[in-house]
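The primary structure of each chain is shown beneath.
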Amino acid sequence: MLTVNTTRPAGPAGRITRVETLMLGTAWRDFGYVRVHTDEGLSGIGEITHPYRGQEVCALTESLARRHLIGADPFDIEEVWLRLYQGDFLRGGDMGGIALSGLDQAMYDLMGKALGVPAYRLTGGACRDRVRVYANGWYNGERDPEVFAAKARAIVGKGLTALKFDPFGPGLHELERAELRRSVDLVAAVREAIGPDVDLFIEGHARFAMPTASRLLRELEPYDIGWFEEPLPWTHIERYAELRRRAPFPISGGEHFHNRYEYKQLFATEAVDIVQPDLSMAGGFTEVRKIAAIADTHGMLVAPHNSNSPLCTTVSVHAALGIPNFKILETFDALLEDHVFQALKGTLPLAADGHIDLPTAPGLGVELVDEVFEEHPPSHRFWNMFAEGWEKRNRT
């Protein structure tokens, strides 16, 4: 096992001695976590959820730690990040980005615990008192306007002031005429159900060809949407700016990029109005702060992507508090089983008005409860987007 060789004295968190990973099964996906221990008796955690390659990311996270973290000081965060990224020749990509993100989160958890302060105090402090969130994952089952309208009313009834959904069914590149009409009818029904004062965001999942995406701009205009997310594949990033110029509403995207280097072309082409880095994919606190700062130089807002567990929600709240150009945060938390919250003791709760309040506990304020993990092992399920009926998103 390699150790970091330095004569610098260690900070108050001590030096890293051990790293372990855990996975938790749910009806939706397996959630992954990393826990980092130091010789001062502290432990810090981070989220390393991958929707399809959870075991592989856990293995990569542990091997990264053996090569670059044992003996390191969590307070040397820029060096830690560089060792993990440059020293392992990660060069981006989903697995490396997720592993690096979770380890970075754990460093801030350790630093906050060592100093007795919430992690946000170390990531820019607070620009605001609360963080506004929007709901995703509330829609599944039959794609019927009345069904979606009822579900939208129910989620707004929980106090949410914004929600997002993908109305487009199984379409890829193009939409059949019947599917186009059904998709627009779903948007119309949801907008009518939630009224004019709730923000409505539309997800494209990066799958339409330019003619279809352009048509959808016209079709969606009457429904006062807050943004159209990833209407085009990122293999066609050079066309985003063209589509953006035609759009009567903001275009958003960026969840697929894993560090500032992958974001370079998005910024260079002015592809979007709103960037959506994920705290558990885009390099953790250390990198997302840099991405947000670059976005600010382009006049772009930041709406972090978060299709992960309540730990990533908590991490994202800490980060969002210190991002001046922050807009809103995604969350799936309202749709998860009770055992997820039992496994993640101390995650930040959603207030009754669609916001999450200022954290007060040291670090991230969350501990992993091993007994619950043992009771709910990973299921290894995934959504096959080429299987008939996948668009119903049934959690079975």
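Read on for an overview of the structure. The model shown is predicted, which means the values in this text are computed figures rather than measured ones.

About the cut-offs
Residue numbers restart at each chain and count upward from 1, following the sequence in its written direction. Side-chain atom pairs in this predicted model are given and counted only at pLDDT of 80 or more, local residue features only at pLDDT of at least 70, and totals for whole chains, interfaces and linings cover all residues. In computing side-chain values, all of the structure's heavy atoms are included and hydrogens and water are not. Strands here mean DSSP runs of E at least two residues long; helices mean DSSP runs of H or I at least four residues long; both are numbered from the N terminus. The globule rule used for comparison is 2.2 Å times the number of residues to the exponent 0.38, while the radius of gyration itself is calculated over C-alpha atoms. Burial status follows relative accessibility: with a 1.4 Å probe on protein chains alone, a residue under 20% of its type maximum counts as buried, one over 50% as exposed, and anything between as partly exposed. Put simply, a salt bridge is a Lys or Arg side-chain nitrogen that is within 4 Å of an Asp or Glu carboxyl oxygen. Here, a strand pair is defined by DSSP locating no fewer than two bridges between the strands. Axis lines are fitted to C-alpha atoms, over the contacting stretch for helices. Their N-to-C directions set the angle, which ranges from 0 to 180 degrees. To qualify as a nonpolar core, a set must consist of buried Ala, Val, Leu, Ile, Met, Phe, Trp, Tyr and Cys residues joined through side-chain atoms within 4.5 Å. The criterion used for residue contact is that any of the two residues' heavy atoms lie within 4.5 Å. Here, expected helix span is obtained from the residue count minus one, scaled by 1.5 Å. Only the six-membered ring of Trp is used, alongside the rings of Phe and Tyr, when aromatic pairs are assigned; centres must lie within 6.5 Å, and planes under 30 degrees apart are stacked while those over 60 apart are edge-to-face, with the rest tilted. Should the NZ of a Lys or the CZ of an Arg lie within 6 Å of a ring centre and within 35 degrees of the ring normal, that charge is described as sitting over the ring.

**Overview of the overall build of the chain**
Inference 1: Along the chain, the regular secondary structure elements total 12 helices and 14 strands.
Inference 2: Scaling as 2.2 N^0.38, a compact globule of 396 residues should have a C-alpha radius of gyration of about 21 Å, and the chain matches this with 21 Å.
Inference 3: Considering only C-alpha atoms, the chain reaches an extent of 65 × 45 × 40 Å along its principal axes.
Inference 4: Taking all 396 residues of the chain together, the buried fraction comes to 59%.

**A look at the pattern of salt bridges**
Inference 1: Tallied over the entire structure, the rule returns 25 salt bridges.
Inference 2: The salt bridge partner of Asp-88 is Arg-67, with a shortest N-O separation of 2.6 Å. Here Asp-88 is found in the loop between helix H2 (77-87) and helix H3 (94-115), whereas its partner Arg-67 is found in helix H1 (residues 54-68), with 21 residues between them in sequence.
Inference 3: Taking relative accessible area as the criterion, Asp-88 reaches 17% and is therefore assigned buried.
Inference 4: In this structure, the salt-bridge partner of Glu-219 is Arg-215, at a minimum N-O distance of 2.8 Å. Residue Glu-219 and its partner Arg-215 are both found in helix H6 (residues 210-220); the two are separated by four residues, about one turn of the helix.

**Digging into the sheet that holds strand S1 (residues 16-24)**
Inference 1: The three strands lie next to each other as S1-S2-S3, forming an open sheet whose pairing is antiparallel. This sheet does not close on itself; its edge strands, each paired only once, are S1 and strand S3 (43-47). Strand-to-strand twist in this sheet, taken as the mean axis angle between neighbours without regard to direction, amounts to 20 degrees.
Inference 2: Strand direction decides the pairing type here: S1 and strand S2 (residues 31-38), joined by eight bridges, are antiparallel.

**Re the nonpolar core**
Inference 1: Grouped together as the largest cluster of nonpolar side chains are 116 residues, with contacts concentrated most on Phe-165, Phe-228 and Leu-266.
Inference 2: Ranked by residue count, the leading element in this core is H3, at nine residues.
Inference 3: Those residues in contact with Phe-228 that lie beyond four places of it in its chain are Phe-168, Ile-202, Glu-203, Gly-204, Ala-213, Leu-216, Leu-217, Leu-220, Phe-249, Pro-250, Ile-251 and Ser-252.

**Observations regarding the side chain of Thr-38**
Inference 1: Within the element layout of this structure, Thr-38 appears in strand S2.
Inference 2: Residue contacts for Thr-38: discarding those within four places in its chain leaves Ala-13, Gly-14, Arg-15, Ile-16, Thr-17, Pro-74 and Leu-110.

**Re unusual backbone geometry**
Inference 1: In this structure, Phe-89 takes a positive phi of about 50 degrees despite not being glycine.
Inference 2: Within the secondary structure layout, Phe-89 lies in the loop between H2 and H3.
Inference 3: The class for Phe-89 is exposed, based on a relative accessible area of 61%.
Inference 4: For His-173, which is not glycine, the phi dihedral falls at a positive 75 degrees.

**What about H1?**
Inference 1: Taking 1.5 Å of rise per residue, 15 residues should cover 21 Å, and H1 covers 21 Å from first to last C-alpha, within 8% of that figure.
Inference 2: Contacts made by the buried residues of H1 are with S1, S2, H2 and H3.

**Remarks on the packing of aromatic side chains**
Inference 1: Here the structure, examined in full by the defined rule, presents 22 aromatic pairs.
Inference 2: Between Tyr-134 and Trp-227, the ring centres sit 5.5 Å apart and the planes meet at 80 degrees, which makes this aromatic pair edge-to-face. Note that Tyr-134 is positioned in strand S4 (residues 130-135) and Trp-227 in strand S7 (residues 227-229), a separation of 93 residues in sequence. Each member of the pair, Tyr-134 as well as Trp-227, is classed as buried.
Inference 3: When the ring of Tyr-139 is compared with that of Phe-148, the centres are 6.0 Å apart and the planes differ by 55 degrees; the resulting orientation is tilted.
Inference 4: Given a relative accessible area of 5%, Tyr-139 falls into the buried group.
Inference 5: Exposure remark for Phe-148: the relative accessible area of 2% places this residue in the buried category.
Inference 6: Grouped by ring-pair contacts, the aromatic residues Trp-234, Tyr-240, Phe-257, Tyr-263 and Phe-267 constitute a single cluster.
Inference 7: Seen from the ring of Trp-28, Arg-29 lies directly overhead, with NZ or CZ sitting 4.3 Å from the centre.
Inference 8: Against the face of Trp-81 rests Arg-260, its NZ or CZ located 5.6 Å from the ring centre.

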